[in-house]
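# Understanding the architecture of this molecule
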Amino acid sequence: APLHPEAWLRVIVDIVCLVLLLLDSIMMPYMFAFHVSLKDVLVITWIACIVWMLDLILNFVTGYVTSDTVVMDVRKIARRYVTSWFIPDAVVVCADWLTLILYLVGESEPGDATENAKIVRFLKIARFLRILSMVRSGRMQAAEVLFERLARAVG
């Protein structure tokens, strides 16, 4: 069944993706500057790989807005995703998993894994562009609503 773009699951995944993107933007310069090994951020790397894979899968079934209509036809959703962001998303997700797997099976030394990670991070510019697209399309408005509800509940 298709997922509404403002459904709680979609909003939470979008927020987690945004947090991971911000974390990446902080961690990568740190890792490059101080030659931090992938083993030092292994837990975060696992979490990121899993979340980005979940995001990729959810994008095949998350409706989208055209004009004032929410498109919830799974075929139209999948076709639109495959012809827009699927290739960049898939390349980055595969590169993330490949870097992690190479490190885990010992095919590369921690320094090599960090070198591989540098290449992957450049590919992640696509993710930043994706977040900008989400903001432009209004998908992040649901995140704003979620933050407002959380603020009211806490405050």
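Model, not experiment: these values are computed from the prediction.

### Digging into the packing of helix H2 (residues 42-59) against helix H4 (residues 86-104)
Where H2 contacts H4, the two axes come as close as 10 Å, and the packing angle between them is 150°. By the angle class used here, H2 and H4 are roughly antiparallel. The chirality of how H2 crosses H4 is left-handed. Across the interface between the two elements, Leu42, Thr45, Trp46, Cys49, Ile50, Trp52, Met53, Leu56 and Asn59 from H2 touch Phe86, Asp89, Ala90, Val93, Asp96, Trp97, Leu100, Tyr103 and Leu104 from H4.

### Some thoughts on the pattern of salt bridges
Using the criterion set out here, one finds two salt bridges in the structure. Between Asp14 and Arg10 there is a salt bridge, with the nearest N and O atoms lying 2.8 Å from each other. Of this pair, Asp14 and Arg10 are both found in helix H1 (residues 8-34), four residues apart, which corresponds to roughly one turn of the helix. The same class applies to Asp14 as to Arg10, namely buried. For the salt bridge of Arg10 with Asp55, the shortest nitrogen-to-oxygen distance reads 2.3 Å. One end of the pair, Arg10, is in helix H1; the other, Asp55, is in helix H2, with 45 residues separating them in the sequence.

Rules of the game
- Residues numbered from 1 in each chain as written.
- Predicted model: local features only at pLDDT ≥ 70, side-chain atom pairs only at ≥ 80, totals over all residues.
- Heavy atoms only, no water.
- Axes fitted to C-alpha atoms, helices over the stretch in contact; angles between N-to-C directions.
- Helix = DSSP H or I, 4+ residues; strand = E, 2+ residues; numbered from the N terminus.
- Parallel < 35°, antiparallel > 145°, perpendicular 65-115°, else oblique.
- Left-handed = near helix turned anticlockwise from the far one by under 90°.
- Contact = heavy atoms within 4.5 Å.
- Salt bridge = Lys/Arg side-chain N within 4 Å of Asp/Glu carboxyl O.
- Buried < 20%, exposed > 50% of the residue type's maximum accessible area, 1.4 Å probe, protein only.

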